[in-house]
Amino acid sequence: QVQLVESGGGLVQAGGSLRLSCAASGRSFSNYDMAWFRQATGKEREFVAAIRWSTMNTLYADSVKGRFTISRDTAKNTVYLQMNSLKSEDTAVYYCAADRRSPWQGVRSGPGEYDYWGQGTQVTVSS
């Protein structure tokens, strides 16, 4: 079925940049929304960003607006999260998620609203 594999995590200094990749496979994602969530140690999983594959309409958490950019590459079946101006508060395991959406449905931000998940990639920002 749908498989999502994240990569690109690592250690970076505060103020630095990192680009995460989510390789998606199993089907066409033209009717899907793709999203990034993160979970810091001892914290709840939280929404980061999402993109509608077909229209490229996006949604961002307030905490990352202006710093993070979500994008997709249809030819590579890959979703990216470009992270700039990283802060120590961004340290977390980052997860890629996906789910089918109808055109009249808005892009969603709840973890429970996505059915498919990758295993995560660790991002550590040193201060």
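Let us look at the structure shown here.

Definitions and limits used
Residues numbered from 1 in each chain as written. Predicted model: local features only at pLDDT ≥ 70, side-chain atom pairs only at ≥ 80, totals over all residues. Heavy atoms only, no water. Pairing = 2+ DSSP bridges. Helix = DSSP H or I, 4+ residues; strand = E, 2+ residues; numbered from the N terminus. Axes fitted to C-alpha atoms, helices over the stretch in contact; angles between N-to-C directions. Polar contact = N/O pair within 3.5 Å; in protein donor to acceptor, adjacent residues only side chain to side chain. Contact = heavy atoms within 4.5 Å. Core = buried A, V, L, I, M, F, W, Y, C linked by side-chain atoms within 4.5 Å. Buried < 20%, exposed > 50% of the residue type's maximum accessible area, 1.4 Å probe, protein only.

### Digging into the sheet that holds strand E1 (residues 3-7)
So, point 1. Spatial strand order, E1-E3-E8-E7: 4 strands in an open sheet with antiparallel pairing. Across the chains shown, the open sheet's two edge strands, defined by having one partner strand only, are E1 and strand E7 (68-73). Within this sheet the neighbouring strands show an average axis-to-axis angle of 15 degrees, counted without direction.
So, point 2. Relative to strand E3 (residues 18-25), E1 is paired through 5 bridges, and the arrangement is antiparallel. Looking at E3, one finds that Val-5 is bridged to Ala-23.

### Some words on the side chain of Glu-6
So, point 1. Structurally, Glu-6 can be placed in strand E1.
So, point 2. A distance of 2.7 Å separates the side chain of Glu-6 from the backbone nitrogen of Cys-96, its partner in a polar contact.
So, point 3. Here the side chain of Glu-6 touches Gly-120 through a polar contact of 2.9 Å, landing on its backbone nitrogen.
So, point 4. Each residue touching Glu-6, except ones within four places of it in the same chain, is listed here: Ser-21, Cys-22, Trp-36, Tyr-94, Tyr-95, Cys-96, Gly-118, Gln-119, Gly-120 and Thr-121.

### Some details on the nonpolar core
So, point 1. With 38 residues, the main nonpolar core has Leu-4, Met-34, Trp-36, Leu-81, Met-83 and Tyr-94 as its most contacted residues.
So, point 2. Taken together, the elements giving at least two residues each to this core come down to E3, strand E4 (32-39), strand E5 (46-52), E7, strand E8 (78-83), strand E9 (92-100) and strand E11 (121-126).
So, point 3. Apart from the residues within four sequence positions on either side, Tyr-94 is in contact with Glu-6, Leu-20, Trp-36, Phe-37, Arg-38, Val-48, Phe-68, Leu-81, Met-83, Gly-120, Thr-121 and Val-123.

### Considering the side chain of Asp-33
So, point 1. The topology assignment puts Asp-33 in strand E4.
So, point 2. On the basis of relative accessible area, Asp-33 is assigned to the buried category, the value being 0%.

### Concerning the environment of Thr-55
So, point 1. Residue position: Thr-55 is located in the loop between E5 and strand E6 (58-60).
So, point 2. Along the backbone, Thr-55 and Val-93 are 38 residues apart, and their C-alpha atoms lie at a distance of 27 Å.
So, point 3. In terms of polar contacts, Thr-55 uses its side chain to reach the backbone amide nitrogen of Asn-57, at 3.2 Å.

### A word on the pairing of E3
Successive side chains on a regular strand alternate, one facing one side of the sheet and the next facing the other.
So, point 1. Sheet topology places E3 next to E8; 6 bridges connect them, and they run antiparallel. Counterpart to Leu-18 in the pairing with E8 is Met-83.

### Comments concerning the environment of Val-123
So, point 1. The topology assignment puts Val-123 in strand E11.
So, point 2. Looking at Val-123, the relative accessible area reads 0%, which means it is buried.
So, point 3. Here Val-123 is in contact with Gly-9, Gly-10, Leu-18, Leu-20, Met-83, Asp-90, Thr-91, Ala-92 and Tyr-94, once residues within four sequence places are set aside.

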